[in-house]
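Residue-level listing of the chains:
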Amino acid sequence: MSQASNTSFKFFALGGGNEVGRSCHIIQYKGKTIMLDAGVHPAYQGMASLPFYDDFDLSTVDILLISHFHLDHAASLPYVMQRTPFKGRVFMTHPTKAIYRWLLRDFVRVTAIGVDSTLAAEESLYTDEDLAESFDKIETIDYHSTVEVNGIKFTAYHAGHVLGAAMFQIEIAGLKILFTGDYSREMDRHLNSAEVPPQSSDILVVESTFGTATHEPRLHRENKLTQLIHTTVGRGGRVLMPVFALGRAQELMLILDEYWQKHSDELGSGQVPIFYASDLARKCMSVFQTYVNMMNDDIRKKFRDSQTNPFIFKNISYLKNLEEFQDFGPSVMLASPGMLQSGLSRDLLEKWCPEQKNLVLITGYSVEGTMAKYIMLEPDTIPAIGNPEINIPRRCQVEEISFAAHVDFQENLEFIEKINAQNIILVHGESNPMGRLKSALLSNFSSTKGTDNEVHVYNPRNCVEVALEYKGIKVAK
Ligand SMILES: [Zn+2]
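Residues numbered from 1 in each chain as written. Predicted model: local features only at pLDDT ≥ 70, side-chain atom pairs only at ≥ 80, totals over all residues. Heavy atoms only, no water.

Before going further, it helps to examine the overall build of the chain. Along the chain, the regular secondary structure elements total 13 helices and 22 strands. Computed over the C-alpha atoms, the radius of gyration of the chain is 22 Å, within 12% of the 23 Å expected from 2.2 N^0.38 for a compact globule of 477 residues. Principal-axis analysis of the C-alpha atoms places the extent of the chain at approximately 70 × 50 × 45 Å. When burial is assessed residue by residue, the chain has 57% of its 477 residues classed as buried. Partitioning the intrachain contacts of the chain with sequence separation of at least 6 by distance along the chain shows that 73% fall at a separation of at least 24. Here the chain displays about 19,400 Å² of accessible surface, and carbon together with sulfur accounts for 48% of that area. Of the side-chain charges in the chain, 45 are positive and 58 negative, and the distance between the mean point of each set is 3 Å. (Helix = DSSP H or I, 4+ residues; strand = E, 2+ residues; numbered from the N terminus. Rg over C-alpha atoms; globule rule 2.2 N^0.38 Å. Buried < 20%, exposed > 50% of the residue type's maximum accessible area, 1.4 Å probe, protein only. Contact = heavy atoms within 4.5 Å. Areas by Shrake-Rupley, 256 points an atom, 1.4 Å probe, with all protein chains shown as cover. Lys, Arg positive; Asp, Glu negative; His and termini not counted. Charge placed at Lys NZ, Arg CZ, Asp CG, Glu CD.)

So, in structure tokens, the structure goes:
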């Protein structure tokens, strides 16, 4: 990437360009450099999971903003802070930082023991010590507050998606850029939907996960989910729900706990137990309890009225590991990781998938190259994690109902129109859905073509620069 000239704005994806995973984008304007997110790619391990950090001089970065705690947005941060020439300042919201600490400790442990025993210690990205040292250097930002770091102003807005997720509006010499991170516009059980910043933006960097696809209404999805689970346990089957430990899992638990309450005669009192196999989630419940004030009115009202915390579930118990699990009769198991790459959810998949009456229910977004993506093709067999030579028959039912909390096409389009930016840069989407979104946006804005207000849409690949001229247009206030 060439040195930023004074008049051109430059965008450069080190990861998350035409892919979902390892999000990391660089923006440059008027000699300032900002890095957006620092994730890993869930389909790869070790160094291969990192963004293309070698392609950019990280020592030039002024600030690094982390949108939310998901691994594809935050998990390479300790690596950046401890193992590269990066020396800028790092910002995230309070809940993101609180969860980040526990989450990455778990991540270090999981990657260190590895799926792949050939992944030696030197291949692990960072250690617990790196994590602890980096943690102390991370600064926090409140929603709706603006921070200024040598001429770069930035403000955090609610993004929905998961607790603590933020959109950042960045302003350099009058030029305003909005970065959505992952966002949702649908009100859910505990989070507010993403907000439209009061000030307009010149450039929008927006996720394109679902491309031009349409979500079914939320109530339909909830009913489908509870019906499917009820039917499965009714025939004596086990339900495996692979989930990412934190974030959307808590939303699913709110749905299931309420449904079990309503059908307590059939399901309650341990007749059909629900387990959440995650020690991490148990540790992090205090974070959810602490930040109820950052959630929506619904859950705050429940909290006030009942004087009990809605995240203390009546029908769900935590499991530390599978050794303490008595696998008799029907049950519902939420287990991580969400894409069945390794660990507990993978062990249960291999144990339960030969049985026809069991159900694997995918509720998150599954990245290309992961087992969660593969299982949805309903293969006859799957390779055993411990020994890829062994094939395990797959007879169980496989269903997908999305609770991933990303915008669908209509929600994305409405938001994009409200932002009213003349330059739109698409990130965080596989090539095909992103390409379809680009075409749909261009046709939506076709009336601006050839005018001074022409809307431009870019879908750059990793390490391909987008340069925009803002010669003399913007005057710093
Ligand atoms: Zn996310």
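Moving on: the packing of helix α5 (residues 218–234) against helix α6 (residues 248–262). Between two packed helices, both the angle of their axes relative to each other and the distance between the axes serve to describe the pair. As a packed pair, α5 and α6 sit with axes 11 Å apart at the nearest point and diverge in direction by 60°. As α5 runs across α6, the sense of the crossing is right-handed. Of α6, the residues touching α5 (which contributes Arg218, Glu222, Leu225, Thr226, Gln227, Ile229 and His230) are Glu251, Leu252, Ile255, Leu256, Tyr259 and Trp260. Taken together, the residues that form the contact of α5 with α6 break down as seven nonpolar, three polar and three charged. (Axes fitted to C-alpha atoms, helices over the stretch in contact; angles between N-to-C directions. Left-handed = near helix turned anticlockwise from the far one by under 90°. Nonpolar A, V, L, I, M, F, W, Y, C, P; charged D, E, K, R; others polar.)

A full pass over the atoms with the stated rule returns 19 salt bridges. For the salt bridge of Glu222 with Arg189, the shortest nitrogen-to-oxygen distance reads 2.5 Å. Residue Glu222 is found in helix α5, and its partner Arg189 is found in the loop between β10 (175–179) and β11 (203–207); the two are separated by 33 residues along the sequence. Its relative accessible area of 9% is what places Glu222 among the buried residues. According to the relative accessible area criterion, Arg189 is buried, its value standing at 16%. Of the charged contacts in the structure, one is a salt bridge between Asp327 and Arg238, with a shortest N-O distance of 2.7 Å. A residue pair is termed long-range when its members are at least 10 positions apart, and Asp327 in the loop between β14 (316–318) and β15 (331–335) and Arg238 in strand β12 (residues 238–242) qualify at 89 residues. (Salt bridge = Lys/Arg side-chain N within 4 Å of Asp/Glu carboxyl O.)

Once that is clear, we can look at the coordination of the zinc ion. Around a metal, the ideal angle is 109.5 degrees if four donors adopt a tetrahedral arrangement and 90 or 180 degrees if six donors adopt an octahedral arrangement. Distances from the zinc ion to its protein donors, His68 (NE2), His70 (ND1), His161 (NE2) and Asp182 (OD), fall at 2.2 to 2.3 Å. Coordination at the zinc ion comes from four donor atoms whose angles at the metal span 93 to 168°, giving a geometry best classed as irregular. (Donors = N, O, S within 2.8 Å, 3.2 Å for Na, K, Ca; no water. Tetrahedral: all angles 85-135°; square planar, octahedral: opposite > 155°, others 65-115°.)

Right, let's get into the packing of aromatic side chains. Counting across every chain of the model gives 13 aromatic pairs. Consider the rings of Tyr183 and Phe415, whose centres lie 4.7 Å apart with planes at 45°: the pair is tilted. Remark: Phe415 occurs in helix α12 (residues 409–419) and Tyr183 occurs in the loop between β10 and β11; sequence separation between them is 232 residues. Of the two residues, Tyr183 and Phe415, neither departs from the other in class, the shared state being buried. Centre to centre, the rings of Phe325 and Trp352 are 6.3 Å apart; their planes meet at 65°, and the pair counts as edge-to-face. Of this pair, Phe325 sits in the loop between β14 and β15 while Trp352 sits in helix α10 (residues 343–352); the two residues are 27 residues apart in sequence, bridging distant segments of the chain. Each member of the pair, Phe325 as well as Trp352, carries the same accessibility label: buried. These aromatic residues form a ring-pair network of at least three members: Phe91, Phe154 and Phe168. (Phe/Tyr/Trp six-rings, centres within 6.5 Å; stacked < 30°, edge-to-face > 60°.)

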